[in-house]
Amino acid sequence: GDIGKTALGSWVDLASFVTSGGGKKLEPFGDLASKVGDEVFVDVNGWRLYTKDVKVAKSDKVAMSQVIAQMVGEKVLGAGGKVDQSDIKEVLDTLPLSLGGGTLQVKLSSALGKSCLYDLTRIVEDWSDKRR
């Protein structure tokens with residue numbers, strides 16, 4: 001129905017991260033992406049699928065942790081280094097997670113483990129503090 005269309009329209013086009021120049025954009029956030037990939041996970045019925053292992057837009061090169069790091073990193077840098085958990089959740093709300101070979105898409109924020117938003121916020125705060 002219409003709900004899917006509305007949600008899809010508000011989601012980030014992950015294919016843009018896979019384009020030939022996409023890798024260069026991700027480099028400044030490599031340290032953040034590494035930490036995110038090691039600690040932030042999708043909870044699949046009790047199984048932990050870490051964001052470093054979630055590939056985006058049919059790519060075998062770009063991990064969800066890299067996309068999270070770039071989008072959250074740019075938002076924090078744009079806010080002068082200020083980290084806001086609601087801003088981080090807003091970013092996660094725009095990232096689609098494809099399930100069942102793409103037959104179903106959910107917000108990444110809805111699929112993360114319970115403590116992951118808190119953990120991600122702490123990781124980003126540490127990263128931002130080190131940049132000052």
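Here is what the cut-offs are and how they apply
- Residues numbered from 1 in each chain as written.
- Predicted model: local features only at pLDDT ≥ 70, side-chain atom pairs only at ≥ 80, totals over all residues.
- Heavy atoms only, no water.
- Patch = residues over 30% accessible without salt bridge, like charges linked within 9 Å, V, L, I, M, F, W, Y side chains within 5 Å.
- Areas by Shrake-Rupley, 256 points an atom, 1.4 Å probe, with all protein chains shown as cover.
- Salt bridge = Lys/Arg side-chain N within 4 Å of Asp/Glu carboxyl O.
- Helix = DSSP H or I, 4+ residues; strand = E, 2+ residues; numbered from the N terminus.
- Core = buried A, V, L, I, M, F, W, Y, C linked by side-chain atoms within 4.5 Å.
- Buried < 20%, exposed > 50% of the residue type's maximum accessible area, 1.4 Å probe, protein only.
- Contact = heavy atoms within 4.5 Å.
- Phe/Tyr/Trp six-rings, centres within 6.5 Å; stacked < 30°, edge-to-face > 60°.
- Polar contact = N/O pair within 3.5 Å; in protein donor to acceptor, adjacent residues only side chain to side chain.

A. A nonpolar patch on the surface, seen in detail. Among the surface-exposed residues, V44, W47 and L49 lie close enough to one another that they form a single nonpolar patch of about 340 Å² accessible area. By the element assignment, L49 lies in strand 2 (residues 47–50).

B. Molecular detail of the nonpolar core. Grouped together as the largest cluster of nonpolar side chains are 33 residues, with contacts concentrated most on I68, L92, L95, L108 and V124. For this core, the secondary structure elements donating two or more residues are helix 3 (30–39), strand 1 (41–44), helix 4 (64–78), helix 5 (85–94), helix 6 (108–111) and helix 7 (116–130). At seven residues, helix 4 tops the list of elements feeding residues into this core. Once you skip the residues sitting within four places of it in the chain, I68 turns out to touch V36, T51, G73, L92, L95, L108 and L120.

C. A look at the pattern of salt bridges. As enumerated under the stated definition, the model contains seven salt bridges in all. For the salt bridge of K35 with E39, the shortest nitrogen-to-oxygen distance reads 3.0 Å. On the criterion of helical spacing, the pair formed by K35 and E39 is a turn pair, its members being four residues apart in helix 3. For K35, a relative accessible area of 41% translates into the label partly exposed.

D. Representation of unusual backbone geometry. Despite not being glycine, N45 shows a phi value in the positive range, around 50°. The residue N45 is located in the loop between strand 1 and strand 2 in this model. For N45, a relative accessible area of 77% puts it in the exposed group.

E. Structural detail: the packing of aromatic side chains. The final tally for this structure, using the stated rule, is two aromatic pairs. Between F29 and W127, the aromatic rings sit 6.0 Å apart at their centres with planes inclined by 50°, giving tilted as the arrangement. Remark: W127 occurs in helix 7 and F29 occurs in the loop between helix 2 (22–26) and helix 3; sequence separation between them is 98 residues. Judged by relative accessible area, F29 falls into the buried class, the value being 5%.

F. A look at the environment of K52. With respect to the helices and strands, the residue K52 is situated in the loop between strand 2 and helix 4. Taking the C-alpha atoms as reference points, K52 and M64, 12 residues apart in sequence, are found 6.2 Å from one another. In this view, K52 contacts G37, D38, A63 and S65; residues no more than four positions away in its chain are not counted. A distance of 2.9 Å separates polar atoms of two side chains, one belonging to K52 and the other to D38.

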